[in-house]
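So the chains spell out like this:
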Amino acid sequence: MTAQTDTPGSVTTVYKVTGMSCGHCEGSVSGEISQIPGVTSVKAVASTGEVTVASTAALDDEAVRAAVDEAGFELAGRA
């Protein structure tokens, strides 16, 4: 899902990530994704496997996949 937010020039995308089970997992995924240029905020929720990413422009899914892989998890795709 990609949707425009109330902030002009901001894009929010929700991804599904498999393997997260705790707050530490959420922090690892959030930390890696937040390093992608243009990302303004990340919220990972282990119980749903959803990661909501706000950015200044649409992100390259492969960059997000690489960040999630670096954190030790698997990007299942967009939610």
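Residues numbered from 1 in each chain as written. Predicted model: local features only at pLDDT ≥ 70, side-chain atom pairs only at ≥ 80, totals over all residues. Heavy atoms only, no water.

If you look the protein chain up in an unreviewed UniProt entry, it shows as Copper chaperone from Streptomyces pluripotens.

*Asks:* For this particular structure, what's the right way to read the overall build of the protein chain?
*Replies:* What the protein chain contains, in helices and strands, is 2 helices and 5 strands. Ordered by position from the N terminus, the helices and strands of the protein chain form the series β-β-α-β-β-α-β. In the protein chain, once contacts between residues fewer than 6 apart in sequence are set aside, the share between residues at least 24 apart is 59%. Looking at the protein chain as shown, the accessible area adds up to about 4,200 Å², and 52% of this sits on carbon and sulfur atoms. (Helix = DSSP H or I, 4+ residues; strand = E, 2+ residues; numbered from the N terminus. Contact = heavy atoms within 4.5 Å. Areas by Shrake-Rupley, 256 points an atom, 1.4 Å probe, with all protein chains shown as cover.)

*Asks:* What is the right way to read helix H2 (residues 61-70) from this model?
*Replies:* A turn of α-helix holds 3.6 residues, and therefore any two residues three or four places apart point the same way. For H2, the set of buried residues is Val64, Ala67 and Val68. Seen from one end, H2 has its buried residues packed into an arc of 100°, which puts them on one side. If you follow the buried residues of H2, they end up packed against strand E2 (11-18), helix H1 (23-33) and strand E5 (74-78). Gly72, located one to two residues past H2, shows a positive phi value of around 95°. (Buried < 20%, exposed > 50% of the residue type's maximum accessible area, 1.4 Å probe, protein only. Arc of directions from axis to C-beta.)

*Asks:* Before we go on, may I ask you to explain the pattern of salt bridges in this structure?
*Replies:* Where charged atoms of side chains with opposite charge meet at close range, the side chains can pair. Enumeration according to the criterion identifies 2 salt bridges in this entry. Close ionic contact of Arg78 with Asp61 constitutes a salt bridge, the shortest N to O distance being 2.8 Å. Highlighted residues: Arg78 in strand E5 and Asp61 in helix H2, separated in sequence by 17 residues. We classify Arg78 as partly exposed; its relative accessible area is 38%. Here Glu62 ties to Arg65 by a salt bridge, and the two come within 3.5 Å at their closest N and O atoms. With Glu62 and Arg65 both in helix H2 and 3 residues apart, this pair spans about one turn of that helix. Overall, the relative accessible area of 28% leaves Arg65 in the partly exposed class. (Salt bridge = Lys/Arg side-chain N within 4 Å of Asp/Glu carboxyl O.)

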